[in-house]
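Coordinate inspection notes
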Amino acid sequence: METNTARKINAGIEEEAEVSIKISNLNVFFGVNHILKDLSLDFQKNKVNCIIGPSGSGKSTLLRSINRINDGTEKLKVTGAVHFNEKDILNGVTNLTQLRKDIGMVFQSPCVFPKSILENVIFGIQQHKKLTVSEKQDITEETLKAVSLWPEVMDRLKDSGQSLSIGQQQRLCIARTLATAPKVLLMDEPTSSLDPVTTRVIENLMERLKKRYTIVLVTHNIAQAKRISDQVFFMCNGQLIESGTNDMFFNTPKKEQTKSYLKDETCVCR
Ligand SMILES: Nc1ncnc2c1ncn2[C@@H]1O[C@H](COP(=O)(O)OP(=O)(O)OP(=O)(O)O)[C@@H](O)[C@H]1O
Ligand SMILES: [Mg+2]
């Protein structure tokens, strides 16, 4: 594996950025369909790494490859390497439960179980260790505070999680993921079903969470990527077209495909 740092050139100043996940020559096939085409890229620690691109370009497939959710899918073939914590998680990791604890995933629609708010928060961590009543309380309070949901629900932790608004449910799902103490948060269009105010709440949350986690965010929303990304990765037709810092990508894109996508979300890659 190459060095664990990447050069970041920003406004003429070079600084070191630590690589959290290193993807090398990743190819994904579903049967004869070649979905991800030789992707090589680094996601950086304590940054919002934002993946944008048209529908069907392979953004979700990329995220799902990182914590191996697609394992078991019929006719799936994956080649290449994804390094995390000094290991190739495609080839060297067999404990998928631990992998998904370290690399948590938040989906487009909040997946709240028909259980109380507290039970929803501790659902994942309970698969890993037995908790006392006070530990359950403490983890619930800490993670709900981390997602700024605590003041809204502190008096109703025994109520059903499904009684919450969609924006609150999405924050509850993020809290459940944080409770397992992950190092990486994969977020697949987490705000696409939210109104603008709640979207900003989640964006502010990502800004805060990146201080402790690596965030990999898929979004359709170019304005959102511009607001909160540190690094941007533009994918089209299963390929990485261009990547760079927020400033470089949005202000001085190099590829014609990128310019066209940023202008009117059309893509000429196909
Ligand atoms: N389990 C699967 N079996 C077969 N094909 C699949 C499977 N999952 C995804 N694909 C195909 O892979 C391609 C990329 O899909 P993917 O969901 O990764 O795109 P996306 O960029 O996330 O799109 P969107 O923005 O619409 O969510 C699509 O052509 C899709 O039909
Ligand atoms: Mg998708």
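Numbering of residues starts from 1 in each chain and follows the order in which that chain's sequence is written. Chain labels run from A onward and ligand labels from 1 onward, assigned in the order the entries are written. Given that the model is predicted, a residue must reach a pLDDT of at least 70 before its local features are reported, and side-chain atom pairs must reach 80 or more before they are shown or counted; all residues, however, enter totals for whole chains, interfaces and linings. Side-chain figures throughout are based on the complete set of non-hydrogen atoms in the structure, without hydrogens or water.

**Topic: the overall build of the protein chain**
A run of H or I in DSSP counts as a helix once it spans at least four residues, and a run of E counts as a strand once it spans at least two, with each numbered from the N terminus. Of regular secondary structure, the protein chain possesses ten helices and eleven strands. Relative to the compact-globule value of 18 Å for 270 residues, the protein chain shows a C-alpha radius of gyration of 19 Å, a close match. Considering only C-alpha atoms, the protein chain reaches an extent of 55 × 40 × 35 Å along its principal axes. A simple rule labels every residue: compare its accessible area, found with a 1.4 Å probe on the protein chains alone, to the largest value its type can have, and call it buried under 20%, exposed over 50%, or partly exposed in between. Considering the protein chain as a whole, with its 270 residues, one finds that 51% of them fall into the buried category. Sequence-distant contacts, at least 24 apart, represent 65% of the contacts inside the protein chain between residues at least 6 apart. Our radius of gyration is a C-alpha quantity, and the globule rule it is checked against amounts to 2.2 Å times the number of residues to the power 0.38. For this analysis, residues touch if any pair of their heavy atoms sits within 4.5 Å.

**Points about the sheet that holds strand E4 (residues 48-52)**
Working definition: the strands of a sheet are paired by backbone hydrogen bonds and lie parallel or antiparallel to each other. Pairing is mixed in the open sheet, where six strands are placed in the order E7-E8-E9-E4-E10-E11. In this open sheet, the two edge strands, each paired with only one partner strand, are strand E7 (103-106) and strand E11 (239-245). Taking the axes of each pair of neighbouring strands and ignoring which way they run, one obtains an average angle of 15° across the sheet. Where E7 meets strand E8 (residues 184-188), four bridges bridge the pair, whose relative direction is parallel. Paired with Val-106 across the strands is Met-187, a residue of E8. Fitted lines through C-alpha atoms serve as axes, helices being fitted only where they are in contact, and the angles separating the N-to-C directions of these axes extend from 0 to 180 degrees. Helix-sheet contacts for helix H6 (residues 166-179) involve E7 and E8, and the interaxial angle to E7 is about 170°. In the packing of helix H7 (residues 196-209) onto the sheet, contacts are made with E4, E8 and strand E9 (214-218), and the angle to E9 comes to roughly 150°. Following DSSP output, two strands are said to pair if at least two bridges run between them.

**Observations regarding the packing of H6 against H7**
To describe two helices that pack against each other, one gives the angle between their axes and the distance between the axes. Between H6 and H7, whose axes approach to 10 Å, the crossing angle comes to 20°. With respect to H7, the element H6 is oriented roughly parallel. The crossing of H6 and H7 is right-handed. Residues Gly-167, Gln-170, Arg-171, Ile-174 and Leu-178 of H6 touch H7, and the partners they reach there are Thr-198, Val-201, Ile-202, Leu-205 and Leu-209. Its residues placed into classes, the contact of H6 with H7 shows six nonpolar, three polar and one charged. Geometric relationships in this document are graded by angle, where less than 35 degrees denotes roughly parallel, more than 145 denotes roughly antiparallel, 65 to 115 denotes roughly perpendicular, and other angles denote oblique. By convention, the crossing between two helices is left-handed when the near helix turns anticlockwise from the far helix through less than a right angle, and right-handed when the turn is clockwise. When residues are sorted by character, Ala, Val, Leu, Ile, Met, Phe, Trp, Tyr, Cys and Pro go into the nonpolar class, Asp, Glu, Lys and Arg into the charged class, and all the rest, Gly among them, into the polar class.

**What about the nonpolar core?**
By size, the foremost hydrophobic cluster in this structure holds 47 residues, and its most contacted members are Leu-144 and Ile-174. The greatest single-element share of this core, amounting to six residues, is contributed by H6. Working definition of a nonpolar core: buried Ala, Val, Leu, Ile, Met, Phe, Trp, Tyr and Cys residues. They are joined through side-chain atoms within 4.5 Å.

**Considerations on the packing of aromatic side chains**
Here a Phe, Tyr or Trp ring, Trp counted by its six-membered ring, pairs with any other such ring whose centre lies within 6.5 Å, and the pair is stacked when the planes are under 30 degrees apart, edge-to-face when over 60, and tilted otherwise. Considering all chains together, one arrives at four aromatic pairs under this definition. Ring centres of Phe-234 and Tyr-261 lie 4.8 Å apart, and the angle between their planes is 25°; this geometry places the pair in the stacked category. Of this pair, Phe-234 sits in strand E10 (residues 231-236) while Tyr-261 sits in helix H10 (residues 256-264), placing them 27 residues apart in sequence. A relative accessible area of 0% places Phe-234 in the buried class. For the cation-ring pair, Lys-77 lies above Phe-29, with the distance from its terminal atom to the ring centre recorded as 4.9 Å. A positively charged side chain is recorded as over a ring if its NZ (Lys) or CZ (Arg) lies within 6 Å of the ring centre. The angle to the ring normal must also be within 35 degrees.

Fair warning: the whole summary comes from geometry, so function is off the table for now.
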